[in-house]
Amino acid sequence: MENDYLLVMEGISKQFPGVRALNNVELRVRRGTVHALMGENGAGKSTLMKCLIGIYTPDSGTITFKGEKLNITSTHYALSKGISMIHQELSPIPEMTVAENIYLGREPMTPYGLVDMRKMNRMATELLDRLHIKIRPTAKMRDLSIANMQLSEIAKAVSYNSDLIIMDEPTSAITEAEVAVLFDIIKSLTAQGCAVIYITHKMDEVFKITDEVTVFRDGQYVATEATANLTRDMLIEQMVGRTLTQMFHKEKAEMGSVFLDVENLSGKGFRNVSFQVKRGEILGLAGLMGAGRTELMDGVFGVTASYGGAVRINGKPVKVKSPADAIRNGMALLTEDRKLTGLYLNATVRENMFIANINRYLVGPFLRFSKIEKDCEKMRGLMRVKTPSLMQIIKNLSGGNQQKVLIARWLLTEPDLLILDEPTRGIDVGAKSEIYRLMTEFVLSGKAIIMISSELPEVLGMSDRILVMHEGDKVGELSRAEATQEKILQMATGMKIPTSLAA
Amino acid sequence: MANPGVITAAEAAKRPAGGQMLASIFSKYGIFLIFAVMVVVASLLSPAFLSTINLINVVRQMSVVGLIALGVTGVIVSGGIDLSSGSVVGLSAVVAASLAQSADSSAPFYPGVHLPFIVPFLAACAMGALVGWINGGLVAKTRIPPFIATLGTYTAVRGAAMLYTNGRPISDLTDQYNFVGQGALGSVPVPILILVVMAVVTHILYARTKFGKYVYAIGGNEQAARVSGINTGRFKMLIYIYAGFLAGLAGLVVSARIGSGQPGLGVGYELDAIAAAVIGGTSLSAGGIGTVAGTIVGALIIGVLNNILDLMNVSAYWQQIIKGGIIVGAVILDQLKHRGGK
Ligand SMILES: Nc1ncnc2c1ncn2[C@@H]1O[C@H](COP(=O)(O)OP(=O)(O)OP(=O)(O)O)[C@@H](O)[C@H]1O
Ligand SMILES: [Mg+2]
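Residues numbered from 1 in each chain as written. Chains lettered and ligands numbered in written order. Predicted model: local features only at pLDDT ≥ 70, side-chain atom pairs only at ≥ 80, totals over all residues. Heavy atoms only, no water.

**Notes on the overall build of chain A**
Secondary structure assignment for chain A yields 17 helices and 23 strands. Relative to the 2.2 N^0.38 estimate, which gives 23 Å for 503 residues, the radius of gyration of chain A is 23 Å and therefore close to what a compact globule would have. Structurally, chain A occupies a C-alpha span of about 70 × 50 × 50 Å along its principal axes. Out of the 503 residues belonging to chain A, those deemed buried represent 59%. At a minimum sequence separation of 6, the contacts of chain A that also span at least 24 residues come to 67%. Roughly 20,100 Å² of accessible area belongs to chain A as shown, and the carbon and sulfur atoms make up 51% of that amount. Treating the 61 positive side-chain charges of chain A as one cloud and the 59 negative ones as another, the clouds have centres 4 Å apart. (Helix = DSSP H or I, 4+ residues; strand = E, 2+ residues; numbered from the N terminus. Rg over C-alpha atoms; globule rule 2.2 N^0.38 Å. Buried < 20%, exposed > 50% of the residue type's maximum accessible area, 1.4 Å probe, protein only. Contact = heavy atoms within 4.5 Å. Areas by Shrake-Rupley, 256 points an atom, 1.4 Å probe, with all protein chains shown as cover. Lys, Arg positive; Asp, Glu negative; His and termini not counted. Charge placed at Lys NZ, Arg CZ, Asp CG, Glu CD.)

Have a look at this one:
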């Protein structure tokens, strides 16, 4: 049994300035299994994986892989030993093609010592076909959707033919359809004896795909169990150290007047869409990847140009030509991609929180830091942001905690309409329920929310009304009462492929 | 089972619209169009412009800055900058010249030393590569910003050149040596030949070799390159060394052209080279973007501009103002391009 273990990590500790990220943790992974690594934001999951792939060096502890004690000092070494990783933060090179990104670092060569582009593209085509991923290998990375970028990262990790593949929240940027592709890939990998370390905050995935679960809490090892012996509630309790009584905190707010009224709007990626949001309402926006949900909100918010139709706010016609117009009209937008359009990576947590709200803290030309400090400290407590201080540089926070800071930023602006594009991506269960509670409080105070989400339980749990899109068109709307997972999926896929996602 | 239908839908949604196509064509070939328009306008403005002698003159004049710009392009693509290249021209010029004096020199630097041409040639290249090695080492190992690192060598290397000759020029160079700057094969001047050969070599190096791919990868996303197992420090070193080597070669060409090695040669060339790269589409703001062809056209644009302004008797002061405007205009164009992209 013992020598069944492909990987044994023991006594691993890692200290960052002000943060003990890992404290004497262990992890044992068997051959041919999928091993879930679970824990709240900042629990140390990614840090442990970075120790394994050679990005960090642990302060202490041992790593035994395939029976051999390894001293992993570089990514190059880890890859050569048969460990590859899908990184939590997408890391493609935007100006290079999909094929170049996949084979970066091990390009096929011609006999003359030049990079063999033909062969590289052929290899990429074969790889992507084998994995049933429909992306052109010669497409530039920057032209891909986030979901397709993630799929190509997955293909890249697989292409190393490793014995162990680390997947750090691989599904945080993709929808059910791509998740199905990924799960097929994982099944065929484990059938060939490859092991997978799978990090996720999505409970259903854990029970669907993993064989064993290891839980960390605050940099400490908690337990390892066979997934079959666990229940959802047991797992949550191990992660957060307490039981969560109610995931979706939903109270019916009183519906007020129509705040935003969009009529027949078209733009890049969406056509002739009409909808309304009332004060006190949470409007859910469901659909598959590429359905045009993000594009629609970008159009409404003035990020991209929209044309035709009319937009009214509080009954008055308005022209929203830029995000500044939108903000002036009482809207706020939490974007989908936090690295690209959200964070000031080299600024502190505090700056990232109050930057959108700077006018409120001005006294003449000066900033009132005492007030900023107070508000940010309050948000930090509310959202349970795990950071040694508000002055920490935000890129040192774990991914989920970065997301919490962004939500705090927009809540601080106290908009009338808050547009949330995948608000809980990469956020742990405890914090998720906290965000749901804040959303409910927000609409109870007579404000409105539009939430784009690819997580159906979240859409169903929080929305008063659900608008479903398909390939740029609005398919229809569902009331909270009539909405079910099946109905949404049917509408989202259209009639052409009615059964493919219902499984 | 995989879901082909769904992914096709996803792809359908991101097909570029017609307007974007135009924008992307312009962003790819815009600089070549601008160059073509400039040539047409120049030939209309001055009939002398299109004469063979004048055209060769234009290219010969831009060949030295063009050489430097080839290397600077790679450095900028990798996410860095090289301010030292003008000073390298001065240093390599005096070192090479000191080893290339003819036997009948009235002021021999190394009396009694007469070496075959290969020695000063290699010395010029080696001096450049050495400074590049220092630049690369500072950037990759100490991780100080490339601007600061090369600002330091920019100053120090000029000082070294002055020190080497005590500020005096080194003249009476061998015919072989001068041939590199003054000679011609058929009707094509040697400096142009050198530029063409090095442009082709550099193009292959950047576009087709592993080294080139990694330079672009590092500039595009250094972290991504590192997690793909690339030794990013090593390739940063190499690109600075290559840029230094080309600047060293440029030093040889300039000194051969004027038949004398002077420590003050190449002042300001680093900025002209950066300008050529930037006009040619190399992005200073986002790494991983730039091509050899673009840079050559960028250098030609500067050359044609200088030439036509000369032909039209525009004062040198106005020329500088116009050149400045063109550089800023090119960067504005570059920015628009990237905004249009996504
Ligand atoms: N480079 C760094 N410098 C300082 N602190 C860091 C650094 N990297 C991680 N940390 C801290 O270490 C802790 C663990 O972070 P880690 O990214 O491993 O969490 P995680 O379990 O992956 O969380 P998430 O689910 O949000 O991704 C966090 O408190 C984080 O702020
Ligand atoms: Mg993480």
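**Points about the pattern of salt bridges**
This structure, assessed with the given rule, holds 30 salt bridges over all chains. We note a salt bridge from E441 of chain A to R437 of chain A, for which the minimum N-O separation is 2.7 Å. Here R437 of chain A and E441 of chain A lie together in helix α15 (residues 429–444), a separation of four residues that amounts to about one turn. For E441 of chain A, a relative accessible area of 43% puts it in the partly exposed group. Since its relative accessible area comes to 24%, R437 of chain A is described here as partly exposed. One salt bridge in this structure joins E222 of chain B and R226 of chain B, with 3.2 Å as the shortest N-O distance. With E222 of chain B and R226 of chain B both in helix α10 (residues 222–227) and four residues apart, the pair spans about one turn of that helix. For R226 of chain B, a relative accessible area of 32% translates into the label partly exposed. (Salt bridge = Lys/Arg side-chain N within 4 Å of Asp/Glu carboxyl O.)

**Section: the site of ligand 1**
All names here are of chain A. Inspection of the region around ligand 1 gives 21 residues, with K45, S46, T47, H201 and S398 positioned closest. The side chain of K45 places a nitrogen or oxygen atom 2.8 Å from an oxygen atom of ligand 1. When ligand 1 is considered free in solution it has 650 Å² of accessible area, and contact with the protein chains removes 92% of it. Of all elements in the fold, only β2 (19–30), α1 (45–53) and α14 (399–412) reach the threshold of two or more residues within the shell around ligand 1. Element by element, the count of residues in the shell around ligand 1 is highest for α1, at three residues. A class-by-class count of the residues in the shell around ligand 1 yields six nonpolar, 11 polar and four charged. Inspection of the shell around ligand 1 shows a minimum of three residues originating in each of domain 1 (2–240) and domain 3 (338–414). (Near = heavy atom within 4 Å. Polar contact = N/O pair within 3.5 Å; in protein donor to acceptor, adjacent residues only side chain to side chain. Nonpolar A, V, L, I, M, F, W, Y, C, P; charged D, E, K, R; others polar. Domains from an automatic or database assignment.)

**Details of the coordination of the magnesium ion (ligand 2)**
Residue and element names in this part refer to chain A. Here the magnesium ion (ligand 2) is held by S46 (OG) and Q88 (OE1), and the distances to it run 2.0 to 2.2 Å. Of this pair, S46 sits in helix α1 while Q88 sits in the loop between β6 (83–86) and α3 (98–102), placing them 42 residues apart in sequence. The pair formed by S46 and Q88 is uniform in burial state, with each residue classed as buried. (Donors = N, O, S within 2.8 Å, 3.2 Å for Na, K, Ca; no water.)

**Quick notes on the pairing of strand β23 (residues 473–479) of chain A**
All names here are of chain A. Pairing of strand β22 (residues 465–470) with β23 involves six bridges; the strand directions are antiparallel. Each residue of the ladder has a partner; that of H470, found in β23, is D473. With antiparallel pairing between neighbouring strands as the criterion, β22 and β23 make up a hairpin whose turn holds two residues, including E471 at a positive phi of roughly 45°. (Pairing = 2+ DSSP bridges.)

**Comments concerning unusual backbone geometry**
The phi torsion of most residues other than glycine is negative, and most of the peptide bonds are trans. Residues and elements named next belong to chain A. One non-glycine residue, E414, lies in the positive phi region at around 45°. Topologically, E414 is positioned in the loop between α14 and β20 (417–421). Given the relative accessible area of 51%, E414 is considered exposed. Non-glycine residue E422 carries a positive phi angle of around 50°. If you trace the backbone, E422 turns up in the loop between β20 and α15. You can call E422 buried: its relative accessible area is 9%.

**Notes on the sheet that holds β6 of chain A**
All names here are of chain A. Strand order across the open sheet formed by six strands is β6-β7-β8-β3-β9-β10, with mixed pairing between neighbours. In this open sheet, the two edge strands, each paired with only one partner strand, are β6 and β10 (220–226). Direction aside, neighbouring strands of the sheet carry axes that sit 20° apart on average. Sheet topology note: the β6/strand β7 (residues 164–168) ladder contains four bridges and is parallel. Bridge pairing in β7 links S84 to I165. (Axes fitted to C-alpha atoms, helices over the stretch in contact; angles between N-to-C directions.)

**Brief notes about the packing of aromatic side chains**
All told, the structure shown has 11 aromatic pairs over all chains when counted by the stated rule. Residues F354 of chain A and Y361 of chain A carry aromatic rings whose centres are separated by 6.1 Å and whose planes lie at 85° to one another, so their mutual orientation is edge-to-face. A single burial state applies to F354 of chain A and to Y361 of chain A, both of which are buried. Here the aromatic rings of F117 of chain B and Y177 of chain B are separated by 6.3 Å at their centres, their planes lie at 70°, and the arrangement is edge-to-face. With F117 of chain B in the loop between α4 (85–98) and α5 (118–142) and Y177 of chain B in helix α7 (residues 175–182), this residue pair connects regions lying 60 residues apart in the sequence. Relative accessible area serves as the criterion here: at 22%, F117 of chain B is assigned to the partly exposed category. In this structure, R106 of chain A packs its charged tip against the face of Y160 of chain A, placed 3.6 Å from the ring centre. (Phe/Tyr/Trp six-rings, centres within 6.5 Å; stacked < 30°, edge-to-face > 60°. Lys NZ or Arg CZ within 6 Å of the ring centre and 35° of its normal.)

**Structural notes on helix α12 (residues 269–279) of chain B**
All names here are of chain B. Most of α12 sits out of view: eight of its 11 residues are buried. What α12 keeps buried is the set E270, A273, I274, A275, A276, A277, V278 and I279. In the segment just after α12, G281 is the residue with positive phi, at about 100°.

**Considerations on the side chain of S92 of chain B**
Residue and element names in this part refer to chain B. Position of S92 relative to the elements: it lies in helix α4. Since its relative accessible area comes to 0%, S92 is described here as buried. Here the side chain of S92 touches G248 through a polar contact of 3.1 Å, landing on its backbone oxygen. S92 has contacts with A124, M127, A247, G248, G251 and L252, leaving out every residue within four places of it along the chain.

**A closer look at the confidence of the model for chain B**
Residues at a pLDDT of 70 or more form 89% of chain B, whose mean pLDDT is 88. For residues 1–17 of chain B, every residue scores under 50 in pLDDT, and the model assigns this stretch 28 contacts once sequence neighbours within four places are set aside. (pLDDT = per-residue confidence, 0-100.)

**So, the domain arrangement of chain A**
Residue and element names in this part refer to chain A. Split by domain assignment, chain A resolves into domain 1 (2–240), domain 2 (249–330 + 416–503) and domain 3 (338–414). The straight-line distance from the C-alpha centre of domain 1 to that of domain 3 is 30 Å. The interface of domain 1 with domain 3 comprises seven residues on the first partner and 11 residues on the second. Here domain 1 meets domain 3 over a buried area of about 700 Å², counting both sides, of which 43% is carbon and sulfur. For domain 1, the biggest contributors to the area lost against domain 3 are N41, G42 and E89; these three give 62% of the whole. Our count for the contact surface shared by domain 1 and domain 3 stands at zero salt bridges. Across the domain 1-domain 3 interface, the total number found is two residue pairs in polar contact (both at pLDDT 80 or more). (Buried area = accessible area lost by both parts, 1.4 Å probe.)

**Concerning the side chain of D325 of chain A**
Residues and elements named next belong to chain A. Its place among the elements puts D325 in helix α10 (residues 323–328). According to the relative accessible area criterion, D325 is buried, its value standing at 16%. Separated by 2.6 Å, the side chains of D325 and R328 make a polar contact.

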